[in-house]
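Each chain, letter by letter, is given below.
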Amino acid sequence: MSAWAIVQHPLGRLSMHSLPFYDMLQNPTTKHLVNGSIAGFAASLVVLGAIVVVGLITRYRGWRTLWCDWLTSTDHKKIGIMYVVIAFVMLARALIEAMLMRAQQAWGLGGGFLSPDHFAQLFSTHGTIMIFFMAMPFLTGLINFVMPLQIGARDVSVPVLNSVSLMLTAAGAMLVMVSLVLGEFSTGGWFGYPPYTEIAYNPGVGPDYWIWSLSLAGLGSTLTGINFAVTIYKERAPGMKLMRMPLFTWAALCISILMIFAMPPLTLATAQLALDRYLGFHYFTNGFGGNMMHFVNLFWLFGHPEVYILIIPAFGVYSEVFSTYSGKALYGYRSMVLAIMSIAILSFTVWLHHFFTMGQDADINAVFGIASMLIGIPTGVKIYNWMWTMFRGRVRITTPMVYALGFIVLFVLGGMSGILLANPSIDYQVHNTVFLVAHFHNVAVPGVLFGMLAGYHFWFPKAFGFRLDERWGIFSALCWTLGFMLAFFPLYALGIMGLPRRSAAYAQPAYVPLEMVAFAGALLIGVALAALVVQLWVSVRHRGENRVPAGDPWDGRSLEWSVSAPPPEYNFPCLPVVNDRDAFTAAKEYGTAYREPGEYADIVLPRNSATGPLLGASGFGIAFGLVWHIWWLAILCALLAAAAMVVRGFARGLTRTIPAAEVRRQHQGWLAVVRASVPVTRADERAPANQGLANPAVLRETS
């Protein structure tokens, strides 16, 4: 575009046509009125929500605190919390879209109330958000918060890079939210297959929103994988050998390696698709020498390891939950480690089963079918180990355990349907039906979402210093479980009956009863989400009764439970020395927990940095400019990003020192709280008396 064209059109493609209700006003048919009203209401909620948040921060004079204590913080714990906040916001949007889709299909006989394009946008944004902007931030947030504490480290290896990764992910999420207000999102699914996302088929801004939001999130995830892997390799406390690491940390190491090697194929595929759309390249246009199957291979070379990037951290969470709430060491630790590593390796060998129906040779399909079945073996090992962990243990039914028990039952069922789909002949029959939708959700929801929610409840007291309300927590967990079963089990039958997936409407009356059941399940899932909100509100109101300042409300086994709740910014007054696999349990048994170190030393921590927020804002500006062809904005933000990196490269005084005297004062104050706390048994974990001192024997040792 020439300089004159940029001046003549400073807003690029942005115009009144970009507003979600414009078509409704120009062409007020019933269909346009319904779809425009839904889109306009959603856009209004986003705008109103932003205004309310800005207003509340302004009213309570929170801008300085927000900037200094959170947005520019390099503390891994605060970064982890911000990741989880992003995940919950995006979860709310994705679930609302899921309920809309279920409603459309429940009344889909004869057409329903959504237009095909609107429905296609919903399932594209739902899938994109749940994979990239709910599950990925959630697991990254949990790992960020927990992993450095579990390995006895002060922080991740590169704290500023951690902040940059967060802000790039936030920029991608914000771009997806903006698509509700300006323009529309892609209709090409969360996988973005050409030719549906090529410029000839879809010249609008939807595929561009998809490309650049994933590019930002993918870059952030790649940097996160590098950071986590280096941290686990280099920052472990003295004595923390690899085979003494908690299973959750092993899971973090595995998915870090997967991120490093699996995210680049996605970045390459989206970059090539962008070149096709913006510069007239033809990587994926068959008529000009390209091949759309190259995109499919690249995407699923990322996509199947991505499935395990999502689920392996949940396996780590469940390992911690089963062990802690059974009061036992994890059964088969070494086999669990080998199982996780085997899953990580095998995840790169099965990508082709995602397109068994696209014309490969039968021998190739057979090889990938066998590989797909093999990956079920290490998964089965883990299931049996978790059950043996509970066997003869003192199992306590808490909110995380409800999620974990629901996971075992539902995930095994989903795995069995996966073994069926690993058979190319069976897959050929049901691949493009909602049977596949049922299978994927049968693995992803109990496997990933339940795991993340279990981790949220499990480590919430450590992050904020008070326990979540158990009654609302168990109610929400039961609603999630029952709602999931109602929403997705009918889809197995509908798939066998022949209902195609991604269908906005259908002509067979036989589908209606099961679709109605699925819609009822979606509503129950909505109740589960609302119960989580109520639970948080109730817990905050009654936080004084549920404080756990001593830091160990569940009789935890690993090092994160050995410090106060919430932990100090430096994590440990002096780095722990590890001599056992369950380091904190061993310290409690040997009477060495809660002891004052022989001497204190100054602690050096990184200063806050604006580099992350600046690069995140620049990334958003570049992406928004590219989506709408506002070239001056994209160039300006690219220059800002480059300037931020140059300035960071020349910055000095990047650390600050906490004097030993201050460390001593804080640690001795916490030890005084421990001695004053009332020790409780596991039977009294839910009682207000639980102040985070779980083992009465420990109090005698510190007296």
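Scroll up to find the structure.
Residues numbered from 1 in each chain as written. Predicted model: local features only at pLDDT ≥ 70, side-chain atom pairs only at ≥ 80, totals over all residues. Heavy atoms only, no water.

Enquirer: Lay out the overall build of the chain in plain terms, naming residues and giving numbers.
Expert: Assigned secondary structure in the chain consists of 23 helices and 2 strands. For the chain, whose C-alpha radius of gyration is 26 Å, the value lies close to the compact-globule estimate of 27 Å for 703 residues. Each principal axis of the C-alpha distribution contributes one length, and for the chain these read about 75 × 60 × 50 Å. Within the chain, buried positions represent 57% of all 703 residues. Counting contacts in the chain only where the partners sit at least 6 residues apart, residues at least 24 apart contribute 82% of the total. Working note: accessible area of the chain is about 28600 Å², and carbon and sulfur atoms make up 69% of it. When the 43 basic and 34 acidic side-chain charges of the chain are each reduced to a single mean position, those positions are 7 Å apart. (Helix = DSSP H or I, 4+ residues; strand = E, 2+ residues; numbered from the N terminus. Rg over C-alpha atoms; globule rule 2.2 N^0.38 Å. Buried < 20%, exposed > 50% of the residue type's maximum accessible area, 1.4 Å probe, protein only. Contact = heavy atoms within 4.5 Å. Areas by Shrake-Rupley, 256 points an atom, 1.4 Å probe, with all protein chains shown as cover. Lys, Arg positive; Asp, Glu negative; His and termini not counted. Charge placed at Lys NZ, Arg CZ, Asp CG, Glu CD.)

Enquirer: Explain helix H19 (residues 583–590) to me, using residue names and the numbers behind them.
Expert: Counting buried positions along H19 gives 6 out of 8 residues, so the element sits mostly inside the fold. When we look at burial in H19, the residues that qualify are Ala-583, Phe-584, Thr-585, Ala-586, Ala-587 and Lys-588. Positive phi shows up at Gly-591, right after H19, with a value of about 75°.

Enquirer: Hey, could you go over the environment of Ala-94 for me, with residue numbers and the actual values?
Expert: For Ala-94, the position within the fold is in helix H5 (residues 76–106). When the C-alpha atoms of Ala-94 and Thr-128 are compared, they prove to be 8.9 Å apart, with 34 residues separating the residues in sequence. Not counting the four nearest positions on each side in its chain, Ala-94 is found in contact with His-126, Ile-129 and Met-130.

Enquirer: Give me the nonpolar core: which residues, what numbers.
Expert: One finds Tyr-209, Ile-312, Trp-386, Trp-480 and Phe-624 to be the most contacted residues of the largest nonpolar core, which totals 188 residues. At 18 residues, the largest contribution of residues to this core is made by helix H10 (residues 292–326). (Core = buried A, V, L, I, M, F, W, Y, C linked by side-chain atoms within 4.5 Å.)

Enquirer: Hey, could you go over the packing of H10 against helix H11 (residues 333–346) for me, with residue numbers and the actual values?
Expert: One way to put it is that H10 packs onto H11 with a least axis distance of 11 Å and a crossing angle of 170°. Classified by the angle their axes make, H10 and H11 are roughly antiparallel. Along the contact surface, H10 presents Tyr-308, Ile-312, Phe-315 and Ser-319, while H11 presents Met-336, Ile-340, Ile-343 and Ala-344. (Axes fitted to C-alpha atoms, helices over the stretch in contact; angles between N-to-C directions. Parallel < 35°, antiparallel > 145°, perpendicular 65-115°, else oblique.)

Enquirer: Give me the packing of aromatic side chains: which residues, what numbers.
Expert: For any pair of aromatic rings, the description consists of the separation of the ring centres together with the inter-plane angle of the planes. In the structure shown here, the tally under the stated rule is 49 aromatic pairs. An angle of 55° between the planes, with centres 5.0 Å apart, marks the rings of Phe-248 and Trp-459 as tilted. With a gap of 211 residues between them, Phe-248 in helix H9 (residues 247–279) and Trp-459 in helix H16 (residues 434–464) connect regions that are remote in the sequence. The class for Trp-459 is buried, based on a relative accessible area of 3%. Between Phe-620 and Phe-624 the ring centres are 6.0 Å apart and the planes differ by 20°, which places this aromatic pair in the stacked class. Of the two residues, Phe-620 and Phe-624 both sit in helix H20 (residues 611–628), 4 residues apart, roughly one turn of that helix. Among the residues examined, Phe-620 registers a relative accessible area of 19% and is labelled buried. Taking the relative accessible area as the measure of exposure, Phe-624 reaches 12% and is therefore buried. Here the aromatic residues Phe-132, Trp-190, Phe-191, Tyr-193, Phe-281, Tyr-283, Phe-284, Phe-295, Phe-299, Trp-300 and Phe-302 are joined through ring pairs into a cluster of three or more. Directly above the ring of Trp-70 sits Lys-78, whose terminal nitrogen or CZ lies 5.5 Å from the centroid. Across from the ring centre of Tyr-333, 3.9 Å away, lies the NZ or CZ of Arg-581, which sits over that ring. (Phe/Tyr/Trp six-rings, centres within 6.5 Å; stacked < 30°, edge-to-face > 60°. Lys NZ or Arg CZ within 6 Å of the ring centre and 35° of its normal.)

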